[in-house]
Amino acid sequence: VQFVESGGGLVQPGGSLRLSCAASGFTFSSYGMSWYRQAPGKERELVASISSAGGRTNYADSVKGRFTISRDNAKNTVYLQMNSLKPEDTAVYYCNAAWMIHDYWGRGTQVTVSS
């Protein structure tokens, strides 16, 4: 199982970033996919999730209306479009795949929101 996460970086408040997570080594279209984040000194938290076929999504209250999760099962990739970014969105963002007892994690990509 391998994930290639990309799209993180430094952005000013109010800016946008698009995270990508390209997966391989498992049947991507069978797995629910999620993005989590962990800020320094805080626990890892769920940001957004999407069902295997993409028909259902779920968001943390803190990102509703600003972030959008999507997936392309033909490309084995999940995305997180982040708009109107705030300093409190600063964290390492992790890609997660889950199905039945299987649970896989990416290594994370840093997002820093600062002026």
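Below: a short report on this structure. (Residues numbered from 1 in each chain as written. Predicted model: local features only at pLDDT ≥ 70, side-chain atom pairs only at ≥ 80, totals over all residues. Heavy atoms only, no water.)

The subject of this paragraph is the overall build of the protein chain. Looking only at helices and strands, the protein chain has zero helices and eleven strands in total. Tracing the protein chain from N to C terminus, the helices and strands come up as β-β-β-β-β-β-β-β-β-β-β. For the protein chain, the share of sequence-separated contacts (at least 6 apart) that also reach a separation of at least 24 residues comes to 51%. Roughly 6,200 Å² of accessible area belongs to the protein chain as shown, and the carbon and sulfur atoms make up 46% of that amount. Of the charged side chains in the protein chain, 11 are positive and 8 negative; the average position of the first set lies 4 Å away from that of the second. (Helix = DSSP H or I, 4+ residues; strand = E, 2+ residues; numbered from the N terminus. Contact = heavy atoms within 4.5 Å. Areas by Shrake-Rupley, 256 points an atom, 1.4 Å probe, with all protein chains shown as cover. Lys, Arg positive; Asp, Glu negative; His and termini not counted. Charge placed at Lys NZ, Arg CZ, Asp CG, Glu CD.)

We now examine the sheet that holds strand β8 (residues 77–82). Sheets are built from strands that pair by backbone hydrogen bonding, the pairs being arranged parallel or antiparallel. In space, the four strands of this open sheet follow the order β1-β3-β8-β7, with antiparallel pairing throughout. The open sheet has two edge strands, β1 (2–6) and β7 (67–72), and neither has a second partner. For this sheet, the mean inter-axis angle between neighbouring strands, taken without regard to orientation, is 15°. Relative to β8, β7 runs antiparallel, the two being bridged by six bridges. When the sheet's bridge partners are listed, R71 is paired in β8 with V78. (Pairing = 2+ DSSP bridges. Axes fitted to C-alpha atoms, helices over the stretch in contact; angles between N-to-C directions.)

Secondary-structure assignment places E5 in strand β1. Here E5 sits buried without a salt bridge, and the closest side chain of opposite charge, R107, lies 7.5 Å off (N-O distance). For E5, the side chain forms a polar contact with the main-chain nitrogen of C95, separated by 2.7 Å. Here G108 takes part through its backbone nitrogen, which lies 2.5 Å from a polar atom of the side chain of E5. (Buried < 20%, exposed > 50% of the residue type's maximum accessible area, 1.4 Å probe, protein only. Salt bridge = Lys/Arg side-chain N within 4 Å of Asp/Glu carboxyl O. Polar contact = N/O pair within 3.5 Å; in protein donor to acceptor, adjacent residues only side chain to side chain.)

Moving on to the nonpolar core. Counting 30 residues, the largest nonpolar core has M33, W35, V78, L80, M82 and Y93 as the members making the most contacts within it. Elements with a minimum of two residues in this core: β3 (17–24), β4 (32–38), β5 (45–50), β7, β8, β9 (91–99) and β11 (109–113). Leave out the neighbours within four places in its chain, and Y93 touches E5, L19, W35, Y36, R37, V47, F67, L80, M82, G108, T109 and V111. (Core = buried A, V, L, I, M, F, W, Y, C linked by side-chain atoms within 4.5 Å.)

Let us now look at the environment of S20. Relative to the assigned elements, S20 resides in strand β3. On the accessibility criterion, S20 (17% relative accessible area) is buried. Once the C-alpha coordinates of S20 and T77 are considered, the two residues, 57 residues apart in sequence, prove to be 6.8 Å apart. When sequence neighbours within four positions are dropped, the list of residues in contact with S20 reads V4, E5, S6, W35, T77, V78 and Y79.

What follows is about unusual backbone geometry. Even without being a glycine, N76 presents a positive backbone phi close to 55°. Following the sequence through the fold, N76 ends up in the loop between β7 and β8. The partly exposed category is assigned to N76, whose relative accessible area is 25%. Positive phi, close to 50°, is recorded for S84, a residue that is not glycine. With respect to the secondary-structure elements, S84 resides in the loop between β8 and β9.

These values are about where atoms sit, not about what they do.
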